[in-house]
Amino acid sequence: MSRKGFTLVELLAVIVVLALVLTIAIPTSIEAYKKAKLKTEDVFVKRLSEVIDDYTSLASQDMLDTKLTSSIYEPEKTFKKNVNIGEQNKNYKVYKLKKTGDEPITVGDLISNGLLFEAKYVNPNNKNEKCSPNAIIEIYKDSDAVYCHKIKASSLGCLTTDYINSLRDPYAIDTCIWKEAVNEEAGE
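Residues numbered from 1 in each chain as written. Predicted model: local features only at pLDDT ≥ 70, side-chain atom pairs only at ≥ 80, totals over all residues. Heavy atoms only, no water.

S.K.: Can you walk me through the overall build of the chain in this structure?
M.R.: Scanning the chain from N- to C-terminus turns up 4 helices and 9 strands. Beginning at the N terminus, the succession of helices and strands in the chain can be written as α-β-β-β-β-β-α-β-β-α-α-β-β. Among the 188 residues that make up the chain, the fraction classed as buried is 29%. Across the chain, contacts joining residues at least 24 apart in sequence account for 67% of those joining residues at least 6 apart. For the chain, the accessible surface area stands at approximately 12,600 Å², while carbon and sulfur atoms represent 55% of it. (Helix = DSSP H or I, 4+ residues; strand = E, 2+ residues; numbered from the N terminus. Buried < 20%, exposed > 50% of the residue type's maximum accessible area, 1.4 Å probe, protein only. Contact = heavy atoms within 4.5 Å. Areas by Shrake-Rupley, 256 points an atom, 1.4 Å probe, with all protein chains shown as cover.)

S.K.: Sorry if this is basic, but what is going on with the pattern of salt bridges here?
M.R.: Pairing is possible between side chains of opposite charge, provided their charged atoms come close. Taken as a whole and assessed by the stated rule, the structure comprises 2 salt bridges. The partner of Asp42 in a salt bridge is Lys46, and the shortest N-O contact between them spans 3.3 Å. Taken together, the residues span about one helical turn, with Asp42 and Lys46 both in helix α1 (residues 8-67) at a distance of 4 residues. Residue class for Asp42 comes out partly exposed when judged on its relative accessible area of 21%. On the accessibility criterion, Lys46 (45% relative accessible area) is partly exposed. Glu118 is the partner of Lys130 in a salt bridge, and the nearest nitrogen-oxygen pair spans 3.8 Å. Taken as a pair, Lys130 in the loop between α2 (107-112) and β6 (136-142) and Glu118 in the loop between α2 and β6 lie far apart in primary sequence, 12 residues in all. (Salt bridge = Lys/Arg side-chain N within 4 Å of Asp/Glu carboxyl O.)

S.K.: Please clarify how the side chain of Thr106 should be interpreted in this entry.
M.R.: Its place among the elements puts Thr106 in strand β5 (residues 105-106). On the accessibility criterion, Thr106 (15% relative accessible area) is buried. Every residue in contact with Thr106, bar those within four places of it in the chain, is listed here: Pro133, Asn134, Ala135, Ile136 and Ile137.

S.K.: For this particular structure, what's the right way to read the nonpolar core?
M.R.: Taken as a class, soluble globular proteins show a tendency for nonpolar side chains to be buried jointly. Leu48, Leu110, Tyr121, Ile137, Ile151, Leu156 and Leu159 are the most contacted members of the largest nonpolar core, which totals 25 residues. Of all elements in the fold, only α1, α2, β6, β7 (147-152), α3 (153-156) and β8 (171-174) reach the threshold of two or more residues within this core. No other element matches the 6 residues that α1 contributes to this core. Contacts of Leu110, omitting those with residues within four sequence positions, involve Leu48, Val51, Ile52, Tyr55, Leu115, Leu116 and Ile137. In terms of nonpolar packing, the next biggest core, distinct from the first, is built from 5 residues, Val94, Cys148, Cys176 and Trp178 among them. (Core = buried A, V, L, I, M, F, W, Y, C linked by side-chain atoms within 4.5 Å.)

S.K.: Just checking my understanding: could you explain a nonpolar patch on the surface for this structure?
M.R.: A contiguous nonpolar surface patch, about 330 Å² in accessible area, is contributed by Leu8, Leu12 and Ile15. Considering the arrangement of structural elements, one finds Ile15 in helix α1. Classification of Ile15 by relative accessible area gives exposed; the value is 53%. (Patch = residues over 30% accessible without salt bridge, like charges linked within 9 Å, V, L, I, M, F, W, Y side chains within 5 Å.)

S.K.: Can you walk me through the state of the cysteines in this structure?
M.R.: Scanning all chains against the criterion turns up 2 disulfides. Two residues share a disulfide in this structure: Cys131 and Cys158, whose sulfurs sit 2.0 Å from each other. Between Cys131 and Cys158, the disulfide has an S-S torsion of 90° and is therefore right-handed. Of the two residues, Cys131 is situated in the loop between α2 and β6 and Cys158 in the loop between α3 and α4 (161-166); the sequence distance between them amounts to 27 residues. For Cys131, a relative accessible area of 3% translates into the label buried. By relative accessible area, Cys158 is classed as buried at 0%. Paired by a disulfide, Cys148 and Cys176 hold their sulfur atoms 2.0 Å apart. Taking the sign of the torsion about the S-S bond as the criterion, the disulfide between Cys148 and Cys176, at about 75°, is right-handed. In this pair, Cys148 sits in strand β7 while Cys176 sits in the loop between β8 and β9 (179-180), placing the two residues 28 residues apart along the sequence. No difference in accessibility class separates Cys148 from Cys176, as the two residues are buried. For the chain, the disulfide bridges join cysteines in the arrangement 1-3, 2-4, where the cysteines are counted in sequence order. (Disulfide = S-S within 2.5 Å.)

What follows is the structure in structure tokens.
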């Protein structure tokens, strides 16, 4: 007697094995896809931060006198940062930079200065929402002329809810390393 084909038990065994493989593979694939999307968005934000670094570099060289002014940021407070092992918790005055006329610096300024092309100011993870050129960039410098910058996630207007929820604070970009100094004389 010759046998051709599969029995019902053999077919059911194959279907069960395939179901087990898919049960493991599909959630893993979905999770990897979500992580890749968040990583893409993270790269977009880091690229924007690099452009802001270029802007502050230009501002510190020659644009500061003509286009930017510095006003003391919370002058009654002193900030501290760890500089290196030999000089820890040094106190610094921190200045907030603004355009002349006391206007805030925006992403639109980066675009108008040619540092950022509007076509590149698109979040590849959320192409349906246009990024706002009115997003305010908070640029600070300390008394050693070290610059940092911040942008609130909500002001960019093009970040996904998943990405905003993955952030630790309301800022999508925050390169500032200063911490408010504790007033040791007052015993705080």
